[in-house]
Every structure is written in structure tokens, then in C-alpha cells.
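Each chain, written out:
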Amino acid sequence: MSDQRKPDTAGRRTYVQRKARTRDSEVLEKAIGVFYRKGFAATSIQDLADELGMLKSSLYYYITSKEALLRRIFEDSHAGAVEVVRRVEAMDAPPLERIHAYLQEYAEWFLTNSERAALYAREWRYLTGEFYEEVAAQRAYYDDVLIRLIDEVKRAGDVPEGVPSRYAAYFVLGSLSSLTDWYRPDGGHDAATIAGVWADMGMRLLTHPDEPAELPEPRPRRRARGARSTTRRSSA
């Protein structure tokens, strides 16, 4: 009786799946770099294929369109940023410590993932239809998170009541988006140091404003139709 071994089809299938996932991740990472350097609008499918060293037709095995690829990048980035929110929400600490932790952790995520963050802050406008509505709702979610944290420190007496929460949140998040314009990983300070300085400055703005002006409450960012805030309400 011959000692013939049956082919390990399960092992082969696992290997192929693992290789496909690795290639899929490579497509995303390379696309992030190309979109960051050239801009989404100026990047072609051929540019992406050239960066990956594959034929344009082969690239369509991994993506359906350039816009769908950008959506996947945004979904992945959003998932990473939401983890920061969850960690802060789970903190058993006074409101002032929680908002400082949020600013520092969010800024460090932004700087550590600077190319992803820059795309999320600027290229989302090129999305259309339901893709656009999804990201618009995500951006409103980050507004809501910071506004709620500001409201909590105001109720605790650490931020003057005259500080308009929504304007303050827009100002802080706007300055966060600009960090990727000038931060360089090979510069004189690492991401954690820059994030700490930025968070301290944000806290100073909130807790020690110079005679905050009375301003009308601005309208929230436009949301997707029927979308509701995913921010948990405070139990206080």
C-alpha cells in the first residue's frame, strides 16, 4: 500500500487567505501614501497600480473604484479614532482630566497616523452620495464628543459658562486638523510630546479665556439625513 499523503487543502486555503489579507492591507497603505502626496482628485488608478507594481487590471481584484478605496481608508481611520473615544469614556476620572486625556490621545493618534488623518480632514469632500453622508455623520460625531466633554467641565465649574461649547469645539478641532500640515516625524519632537503641548494649549484656551464674548450658538454641522448622534448622553 503506497504511503501517499492527501494534500493539505485547509492549510493551503488558510495560506491563500492570509496572503490576500496582507496584499489587501498593502493596497490600503500604498493608496494612503499616494492620495496624501498627490491628492485624491489628481490620483489615477494607474498611479495606484504603478505604486503597487501591478497591472491596472489586477488592482481591480482588490478595489471596485477609487472612491470606494478612499471610503475603506476612512472607515479604517474612523475605527481607530473611535477607540480613543471609548478609552476616555471608560475613564473613572474628573471631567477636567477626561477632556485633557481626550485631547492628548486624539492628537497623538492624529500625529502618529498623520497621512491618514490629513486625508480624513481634507479629502472627504470628494466622496459622493451615501459615502459622503457617512463621513459627514462621523465628523458630527467628533463634534458631539468634544462638545459633551466641554459641557461636563463647565458643569463642574472648571470652564466659564460664557465659553460657547460648539464654537470652542470647532476651534480646537480645526487646530487639530492643521497639525498634520507642519508636523514631521523626523523633526525635533515626537508625536507624544507635540500632542501633550497641543492638549495643554487647548486646555488653557478652555479654562482661562480672556473675557469670552457673548456669541450666538452656531448651527451644528450638516448630518446625514435621519442620522442621530452616536454620542452617549452623560448620566450626570
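Residues numbered from 1 in each chain as written. Predicted model: local features only at pLDDT ≥ 70, side-chain atom pairs only at ≥ 80, totals over all residues. Heavy atoms only, no water.

**Q** Give a description of the overall build of the protein chain that names residues and reports values.
**A** Within the protein chain one finds nine helices and zero strands. Secondary structure elements of the protein chain, listed N to C terminal, follow the sequence α-α-α-α-α-α-α-α-α. The buried share among the 236 residues of the protein chain stands at 41%. Contacts in the protein chain between residues far apart in sequence, at least 24 positions, make up 72% of those at least 6 positions apart. Roughly 14,000 Å² of accessible area belongs to the protein chain as shown, and the carbon and sulfur atoms make up 51% of that amount. (Helix = DSSP H or I, 4+ residues; strand = E, 2+ residues; numbered from the N terminus. Buried < 20%, exposed > 50% of the residue type's maximum accessible area, 1.4 Å probe, protein only. Contact = heavy atoms within 4.5 Å. Areas by Shrake-Rupley, 256 points an atom, 1.4 Å probe, with all protein chains shown as cover.)

**Q** Lay out the packing of aromatic side chains in plain terms, naming residues and giving numbers.
**A** Here the structure, examined in full by the defined rule, presents 11 aromatic pairs. Judged by centre distance (5.7 Å) and plane angle (90 degrees), the ring pair of Tyr-106 and Phe-110 falls under edge-to-face. Note that Tyr-106 and Phe-110 are positioned in helix α5 (residues 95-112) at a spacing of four residues, about one turn of the helix. Here Tyr-106 falls in the buried class, since its relative accessible area comes to 7%. Every member of this aromatic cluster is reached through a ring pair, and the members are Phe-74, Tyr-102, Tyr-106, Trp-109, Phe-110, Tyr-120, Tyr-141 and Tyr-142. The ring of Phe-40 carries the charged tip of Lys-66 above its face, separated from the ring centre by 4.5 Å. (Phe/Tyr/Trp six-rings, centres within 6.5 Å; stacked < 30°, edge-to-face > 60°. Lys NZ or Arg CZ within 6 Å of the ring centre and 35° of its normal.)

**Q** Tell me about the packing of helix α7 (residues 129-155) against helix α8 (residues 165-182), residues and numbers included.
**A** The geometry of α7 relative to α8 is characterised by a closest axis approach of 9 Å and an angle of 125 degrees between their N-to-C directions. Comparing their axes, α8 and α7 come out oblique. You can see that α7 and α8 cross each other, and the crossing is right-handed. Contacts from Tyr-142, Asp-143, Asp-144, Leu-146, Ile-147, Ile-150, Asp-151 and Lys-154 in α7 reach Ser-165, Arg-166, Ala-168, Ala-169, Tyr-170, Val-172 and Leu-173 in α8. Partitioned by chemical class, the residues of the contact of α7 with α8 number nine nonpolar, one polar and five charged. (Axes fitted to C-alpha atoms, helices over the stretch in contact; angles between N-to-C directions. Parallel < 35°, antiparallel > 145°, perpendicular 65-115°, else oblique. Left-handed = near helix turned anticlockwise from the far one by under 90°. Nonpolar A, V, L, I, M, F, W, Y, C, P; charged D, E, K, R; others polar.)

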